[in-house]
Amino acid sequence: MNFLLNTKKAIILIPSLFCAFSIFAQTEEVFLVTDFDGGGILPSTWESFGDLGLYGVQRNNSLSDGKYYELAWNGTSDKGYIVSQSGITFRLIPKKKLKGKTIDNVFLRLDVNCGGAPGTVVNIVLVDGPNDCCKNEVNWQYTFTKDTCEWETLEINLADFGYAYGSNNHEKTIDFTKVGRVKIGINPEQGPKKQVVQFDNVELVVKENVTAQGYQPNIVIPESTTLKTAAKDFFVGVAVNPERVRATDHSSVYTREFNSITAENAMKMKSIFKGLDENMKIIYDWTQSDAIVDFAENNGMNLHGHALVWHESIPDVLENFKGTNAQFEAIIGQYITTVVKRYKGKVDSWDVVNEAIADNTTKMRESLFLERMGSNYVEKCFEFARKADNKVKLFYNDYGLEHDVQKQKGAFELIDGLKNKNLIDGVGYQMHLDYNFPSKATLQTATNLAVDRGLLIHFSELDIKTNPKGDVNELTEQRNQAQAKKVYEVVSVYNNIPENLKYALTVWGLKDDESWITPRYGFPDWPLLFDANFKRKKAFSGFVQALE
Ligand code: G3I
């Protein structure tokens, strides 16, 4: 659509002109791929794998990969490209080579709207093309939820895609004959059946000087700059345990770099709740939790309590409890009240309930708490905590909130209910990520869900897998840098949160060799900011660079 394209260009021009006077002058060169009106370099090369039906392209089963469908543009339209059914894939095989441009410089930009079906969820996935080396898939993903159907311009940095390529071509140049496909898929389980997405005006954009503002692999951070000094308006936290806070090699780094701690395990129910006496009074063991609380207090650190109620930390006595549901609930009330009161004024915030929503659904996770206390058990737990200490900040904490659109929906429904009753202060996005997933845009969209609601935000358990598929035996330079870049993106997104909503960014452990990831997944991994010798990694530099 030419009109739209022109309007958009005018909008782009204004910031470009403005930028021309700033230190990081940025110029743009735009290669129109197609405007679907006959302009651009692609239309004649687009292949059709399906039929154009009433609502757009119909799926062709023989070419389906099960998740998205192998369909491509076929024909002209003055309304943009309208897609229904379960999604489409279009082939992006520009004839231009942009040699000499770093991957960081090149963006895919397209206009998208939800074609009259508000609430449509669109996933865009870049996959390696038929001509490239690796045939990897889902190396990049952008997800957005639209509440209105106005056109919106998306811009995707192809650097996020670049790591799908082999070491020969991923760093220095990008050859667009090797960018294979861009998939646009609609989750068929959501919303009306005739979900529609329109996209238009696909462009490749080369931005000069863009890398000057991004992560720089060769910058070494001076010794005197620490994580906590770099972060000016939020806490930088680390997950700790009682043995390590006692060990000076660890504790000296904790106190040098961090100003907040979370107990990795010591304040979970299983660590504290040791039994029930004959009057159904809980028998407590405070040894481990007290060690953490004392360390925070002695070193003037913020202390985040993790976690009062979690389906993975239930003491045996509760798992095997034979009493009534009312008795079970009273025990949970007793537990939350006692723990929160004991640490009143010492613990600054609590994860009241951890991971209550099931993966890829909007539903509550099946758990003993759900079974015994009913579908409003989360609210009950927050009420117990609020009553015990009305000053301590209360958080709902979960993983996958960074990218799982269904879980986001379920979690934020729950959170909205708690917020209406003034029972919650913040959201914890755990941030157990991969070196190549999810994209910065996806993280930004996820974070906005809490920002829009005015909630405090905790990136509560950051670690970044460098070997999620177990295909390397050592931390390669490529993965090391990719991880650093992902850290840079995470911290940039966090740093952009309005100051009054920033709480803390916590990393889930200090050193690579102490992370939960290797024992859990069975592959060697290097997911943290420090190596096994307490040495700062590139990921550390990525963290600090994002704050400069
Ligand atoms: O302490 C015992 C030790 O005595 C025993 O010899 C050893 C044998 O396996 O187990 C040790 O306990 C382990 C404990 O970590 C301490 O290392 C448990 O088996 C193990 O299950 C436990 O894993 C923890 C896991 O939560 C379950 O509680 C991880 O350290 C911890 O990083 C992980 O953290 C969770 C967050 O709480 C919530 N979000 C996800 C995150 C990762 O799973």
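Residues numbered from 1 in each chain as written. Predicted model: local features only at pLDDT ≥ 70, side-chain atom pairs only at ≥ 80, totals over all residues. Heavy atoms only, no water.

## Some details on the site of the ligand
Line of reasoning, step 1. For the ligand, the set of nearby residues contains 13 residues, the closest of which are Glu264, Asn265, Lys268, His306 and Glu461.
Line of reasoning, step 2. In the model, an oxygen atom of the ligand is placed 2.4 Å from a nitrogen or oxygen of the Glu264 side chain.
Line of reasoning, step 3. Within the side chain of Glu355, a nitrogen or oxygen atom sits 3.0 Å from a nitrogen atom of the ligand.
Line of reasoning, step 4. Protein contacts shield 47% of the accessible area of the ligand, which totals 790 Å² for the unbound molecule.
Line of reasoning, step 5. Split by residue class, the shell around the ligand holds 3 nonpolar, 5 polar and 5 charged. (Near = heavy atom within 4 Å. Polar contact = N/O pair within 3.5 Å; in protein donor to acceptor, adjacent residues only side chain to side chain. Areas by Shrake-Rupley, 256 points an atom, 1.4 Å probe, with all protein chains shown as cover. Nonpolar A, V, L, I, M, F, W, Y, C, P; charged D, E, K, R; others polar.)

## Regarding the pairing of strand E23 (residues 502-507)
Line of reasoning, step 1. Counted residue by residue, E23 has 6 buried out of 6 residues, so it is predominantly covered.
Line of reasoning, step 2. Two strands pair when backbone bridges link them, and strand E12 (residues 235-240) and E23 are joined in this way by 4 bridges, in the parallel orientation. From the neighbouring strand, Gly237 faces E23, where its bridge partner is Thr506.
Line of reasoning, step 3. Looking at chain direction, strand E22 (residues 456-465) and E23 are connected through 4 bridges and run parallel. Residue pairing for E23: Ile457 is matched across the bridge by Lys502. (Buried < 20%, exposed > 50% of the residue type's maximum accessible area, 1.4 Å probe, protein only. Helix = DSSP H or I, 4+ residues; strand = E, 2+ residues; numbered from the N terminus. Pairing = 2+ DSSP bridges.)

## A short note on unusual backbone geometry
Line of reasoning, step 1. Cis geometry is adopted by the peptide bond preceding Ala307, which originates at His306 and carries an omega value of -10°.
Line of reasoning, step 2. Relative to the helices and strands, Ala307 is located in the loop between strand E16 (302-305) and strand E17 (309-310).
Line of reasoning, step 3. Following Phe437, the chain continues into Pro438 via a peptide bond in cis, with omega recorded as -5°.
Line of reasoning, step 4. With respect to the helices, strands and loops of the structure, Pro438 is situated in the loop between strand E21 (432-434) and helix H13 (440-451).
Line of reasoning, step 5. Here Phe534, not a glycine, exhibits a phi torsion of approximately 65°, which is positive.
Line of reasoning, step 6. Relative to the helices and strands, Phe534 resides in the loop between helix H15 (517-521) and helix H16 (538-545).

## What to know about the packing of helix H9 (residues 325-342) against helix H11 (residues 377-388)
Line of reasoning, step 1. Taken N-terminus to C-terminus, the directions of H9 and H11 make an angle of 35°; their axes are 8 Å apart at the nearest point. Note that H9 runs across H11; the crossing there is right-handed. Taking contact as the criterion, the partners of Glu329, Ile332, Gly333, Ile336, Thr337, Val340 and Lys341 in H9 are, on H11, Lys380, Cys381, Phe384, Ala385 and Ala388. (Axes fitted to C-alpha atoms, helices over the stretch in contact; angles between N-to-C directions. Left-handed = near helix turned anticlockwise from the far one by under 90°. Contact = heavy atoms within 4.5 Å.)

## Some thoughts on the packing of aromatic side chains
Line of reasoning, step 1. According to the stated counting rule, one finds 16 aromatic pairs in the structure shown.
Line of reasoning, step 2. Residues Phe235 and Tyr503 carry aromatic rings whose centres are separated by 6.0 Å and whose planes lie at 80° to one another, so their mutual orientation is edge-to-face. With Phe235 in strand E12 and Tyr503 in strand E23, this pair connects stretches of sequence that are 268 residues apart.
Line of reasoning, step 3. For Tyr503, a relative accessible area of 5% translates into the label buried.
Line of reasoning, step 4. Pairing Tyr429 with Phe459 gives two aromatic rings, centres 5.9 Å apart and planes at 75°, and the pair type is edge-to-face. Here Tyr429 is found in strand E20 (residues 426-429), whereas its partner Phe459 is found in strand E22, with 30 residues between them in sequence.
Line of reasoning, step 5. Given the relative accessible area of 0%, Phe459 is considered buried.
Line of reasoning, step 6. The rings of Phe273, Tyr284, Trp286, Tyr335 and Tyr343 are connected pair by pair, giving a single aromatic cluster.
Line of reasoning, step 7. Over the ring of Tyr399 we find Lys407; its NZ or CZ atom is 3.6 Å from the centre of that ring. (Phe/Tyr/Trp six-rings, centres within 6.5 Å; stacked < 30°, edge-to-face > 60°. Lys NZ or Arg CZ within 6 Å of the ring centre and 35° of its normal.)

## Quick notes on H16
Line of reasoning, step 1. In terms of burial, H16 is largely enclosed, as 7 of its 8 residues are buried.
Line of reasoning, step 2. Every buried residue belonging to H16 is among Ala539, Phe540, Ser541, Gly542, Phe543, Val544 and Gln545, and all of these are buried.
Line of reasoning, step 3. Looking at the buried positions of H16, the neighbouring elements they touch are helix H3 (227-230), E12, helix H5 (248-257), helix H14 (477-495) and E23.

## Remarks on H11
Line of reasoning, step 1. In a regular helix each residue adds 1.5 Å, so 12 residues correspond to 16 Å; H11 covers 17 Å between its end C-alpha atoms and thus fits that length.
Line of reasoning, step 2. Taken together, the buried positions of H11 are Tyr377, Val378, Lys380, Cys381, Phe382, Ala385, Arg386 and Ala388.
Line of reasoning, step 3. Buried residues belonging to H11 abut E17, H9, strand E18 (349-354), helix H10 (368-373), strand E19 (393-398) and helix H12 (405-420). (Expected span 1.5 Å × (residues − 1).)

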